[in-house]
Amino acid sequence: GGAVGCAGAVASGGGGGGGGGGDKIVGVAVDVVVAEQRLAPPRDERHPGVGCCCAQMGCDLGKLASSATSGDDRGGKHKDALEEPPSPGPPDPRLPLTAKQKYSMIASWKGISRAMEPTGVYMFIKLFEEHQELLQLFTKFGELKTRDAQANSMELAEHANKVMTTLDEGIKELDDLDNFFQYLTQVGATHKTIPGFNPDYFWKIEVPFLEAVKTTLGDRFTENIETIYKITIKLIIETLIKGYTEAAGP
């Protein structure tokens, strides 16, 4: 349209110089307009300019698709290059618990560790109910013959808390058996200095311990958990006896 207007003005201006020159100029202008229309992309008559935009959009989308495909390829190669996580090592034959049982033991023990003293006091009360002769080993509360007296004794509570702390330290070391055995062996050895102590006395705490744990855990003391605690306390007692025996010598 601009070219036609310009051509018309030239033709009009050139009319004074001669009709032949004006006709030639108009003819050239028309040829230029026709050439421009042939070179232009197709247009939607209802939406001028859509053809050009769609063509450009198609080009851009093609680039995006190509880029995304390349990214997926790179991601796939990277994924394939990732190494599998290392498999867990073989279980330690010194531990009679499976990995799942050990996890359950440590998780369950958290409930006991929040009630160490009452659990320990109950354990010793049950111990003295079944083995009253063991009271003579404890000079600080050996004269406490009744359940109520024992339950209200600060000395017994202090000793019970000490024993439970020992068990707590041992159970927390189940993930590091070297420390577990070293610690409990040393504890067992210290009992050599107790006059009249017999290493078989360690076994007498087994049943009272399980009863105390059952009382503290309540409904959480399932059959499976009971089995795990039985295995664990047996291992602890065996290690204490080993420490005592090795310290005592042949």
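Heads up: these notes are all about the structure in this document. (Residues numbered from 1 in each chain as written. Predicted model: local features only at pLDDT ≥ 70, side-chain atom pairs only at ≥ 80, totals over all residues. Heavy atoms only, no water.)

1. Notes on the side chain of Thr-119
Looking at where Thr-119 falls in the secondary structure, it is placed in helix α5 (residues 116-130). Setting aside chain neighbours within four positions, we find Thr-119 in contact with Ile-112, Met-164, Ala-212, Val-213 and Thr-216. (Helix = DSSP H or I, 4+ residues; strand = E, 2+ residues; numbered from the N terminus. Contact = heavy atoms within 4.5 Å.)

2. Quick word on the environment of Ile-233
Following the sequence through the fold, Ile-233 ends up in helix α10 (residues 223-248). You can call Ile-233 buried: its relative accessible area is 2%. Along the chain, Ile-233 and Ile-171 lie 62 residues apart, while their C-alpha atoms are 9.3 Å from each other. Among all residues touching Ile-233, those that are not within four sequence positions of it are Leu-167, Glu-206, Phe-209 and Leu-210. (Buried < 20%, exposed > 50% of the residue type's maximum accessible area, 1.4 Å probe, protein only.)

3. Considerations on the packing of aromatic side chains
Geometry of an aromatic ring pair is reported as the spacing of the ring centres plus the angle between the planes. Considering all chains together, one arrives at 13 aromatic pairs under this definition. Relative to Phe-128, the ring of Phe-124 lies with its centre 5.9 Å away and its plane at 45°, an arrangement referred to as tilted. Here Phe-124 and its partner Phe-128 are both found in helix α5, 4 residues apart, which amounts to about one turn of the helix. For the pair shown, Phe-124 and Phe-128 are each scored as buried. On the numbers, 5.1 Å between centres and 85° between planes, the contact of Phe-180 with Phe-181 is edge-to-face. For the residue pair Phe-180 and Phe-181, the accessibility class agrees, reading buried in each case. Within the aromatic cluster, the residues linked to one another by ring pairs are Trp-109, Phe-209, Phe-221 and Tyr-229. (Phe/Tyr/Trp six-rings, centres within 6.5 Å; stacked < 30°, edge-to-face > 60°.)

4. Considering the pattern of salt bridges
The final tally for this structure, using the stated rule, is 8 salt bridges. As a salt-bridge pair, Lys-126 and Glu-129 come within 3.3 Å of each other at their nearest N and O atoms. Linking Lys-126 with Glu-129, this pair stays in helix α5, spanning 3 residues, or about one helical turn. Since its relative accessible area comes to 43%, Glu-129 is described here as partly exposed. In this structure, Lys-172 and Asp-168 form a salt bridge, with 3.1 Å as the shortest nitrogen-oxygen distance. Taken together, the positions of Lys-172 and Asp-168, both in helix α7 (residues 154-172) and 4 residues apart, correspond to about one turn of that helix. With a relative accessible area of 53%, Lys-172 lands in the exposed category. (Salt bridge = Lys/Arg side-chain N within 4 Å of Asp/Glu carboxyl O.)

5. Points about the packing of helix α4 (residues 99-113) against helix α9 (residues 206-217)
For the pair α4 and α9, interaxial distance at closest approach is 9 Å and the crossing angle is 80°. For the element pair α4 / α9, the angle class is roughly perpendicular. Counted together, Ser-108, Trp-109, Gly-111 and Ile-112 of α4 and Phe-209, Val-213, Thr-216 and Leu-217 of α9 form the full contact between these two elements. Looking at side-chain class alone, the contact of α4 with α9 contains 5 nonpolar, 3 polar and no charged residues. (Axes fitted to C-alpha atoms, helices over the stretch in contact; angles between N-to-C directions. Parallel < 35°, antiparallel > 145°, perpendicular 65-115°, else oblique. Nonpolar A, V, L, I, M, F, W, Y, C, P; charged D, E, K, R; others polar.)

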